[in-house]
Amino acid sequence: MLASVFGSVHSTIHSTAFSIAEDGVIVFLAVVWLGFAYRVHRDARRRIDDGRLVGFATLLGMVPLIGPSVYVLFRPPETLADVRAREIEMRALRTRLAQSEPRCPVCLSEVENDYLVCPVCTTRLREPCTNCDAPLEALWQTCPYCATPVGVTRSIDAADLDAALSAEAAIATGEIAQQPLQG
Ligand SMILES: [Zn+2]
Ligand SMILES: [Zn+2]
């Protein structure tokens, strides 16, 4: 009697242990399966911009074993962050190239930043400063080298003004003197 009770207890414990082990394996497989599907979903979100395609990739990732392998074979090679970084790099490179090689707007030949005229097609590129003759960009409002505002004529000092006035006076008197001869 006692032996048979022990026996049935023993077998009960055994079958319980077995079923716990079986449950454990099932739970483990389920975790692995969901883990793969989740990894595929996260990877797809990093690489694919289209929400529907991400959903499709996730469904594919949920197919046990084969799904994730097929996804890895056909996923985009670059992540979206990589693509964005490359685009920014390319834009910076293009800007740098555009800045380093100034070109004539008419014939597109290379010119230097201080050329007044294109040496190939003679297009006027810049105006010289009226005071120091430095080449000025079209948008500049004042000369950065001598601080003369753009559009102001060369400053005349007192001696020059004096000489100019006396020269003008001499011409005027000469004209007056010549007038009777012409008349
Ligand atoms: Zn030119
Ligand atoms: Zn100047």
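Residues numbered from 1 in each chain as written. Chains lettered and ligands numbered in written order. Predicted model: local features only at pLDDT ≥ 70, side-chain atom pairs only at ≥ 80, totals over all residues.

**Re the overall build of the protein chain**
Broken down by element type, the protein chain carries five helices and two strands. Going residue by residue from the N terminus, the α and β elements of the protein chain occur as α-α-α-α-β-β-α. Expressed as a percentage of its 183 residues, the buried residues of the protein chain come to 7%. Long-range pairs, those at least 24 residues apart, make up 17% of the contacts in the protein chain between residues at least 6 apart in sequence. (Helix = DSSP H or I, 4+ residues; strand = E, 2+ residues; numbered from the N terminus. Buried ≥ 20, exposed ≤ 12 C-beta atoms within 10 Å, placed from the backbone. Contact = placed C-beta atoms within 7 Å.)

**Re the nonpolar core**
Core analysis: the biggest nonpolar cluster contains five residues, these being A37, V40, A44, A57 and Y71. Residue contributions to this core peak at three residues, all from helix α1 (residues 2-47). Residues in contact with A57, not counting those within four places in the same chain, are V40, A44, I48 and Y71. (Core = buried A, V, L, I, M, F, W, Y, C linked by C-beta atoms within 7 Å.)

**Section: the environment of C121**
Checked against the element boundaries, C121 lands in the loop between α4 (80-100) and β1 (127-128). The exposure class of C121 is exposed, given the 12 C-beta atoms found within 10 Å. Distance in space between the C-alpha atoms of C121 and S109 is 8.9 Å, their sequence separation being 12 residues. Once you skip the residues sitting within four places of it in the chain, C121 turns out to touch C104, V106 and C107.

**Focus on the environment of I48**
Counting through the fold element by element, I48 comes out in the loop between α1 and α2 (51-61). Between the alpha carbons of I48 and L80 there is a distance of 7.0 Å; along the sequence they are 32 residues apart.

**Some thoughts on the packing of α2 against helix α3 (residues 66-74)**
Here α2 crosses α3 at 135°, and the two axes come no closer than 7 Å. As far as their axial angle goes, α3 and α2 are oblique. On α3, the residues that touch A57, L60 and G61 of α2 are G67, P68, V70 and Y71. Classifying every residue of the contact of α2 with α3 gives five nonpolar, two polar and no charged. (Axes fitted to C-alpha atoms, helices over the stretch in contact; angles between N-to-C directions. Parallel < 35°, antiparallel > 145°, perpendicular 65-115°, else oblique. Nonpolar A, V, L, I, M, F, W, Y, C, P; charged D, E, K, R; others polar.)

**Some thoughts on unusual backbone geometry**
The backbone of L65 sits at a positive phi, close to 65°, despite the residue not being glycine. By secondary structure assignment, the location of L65 is in the loop between α2 and α3.

**Brief notes about the confidence of the model for the protein chain**
Taken over all residues, the pLDDT of the protein chain has a mean of 82, while the share at 70 or more is 77%. Across the protein chain, strand β2 (residues 135-136) holds the top mean pLDDT of 92, while helix α5 (residues 158-182) sits lowest at 61. (pLDDT = per-residue confidence, 0-100.)

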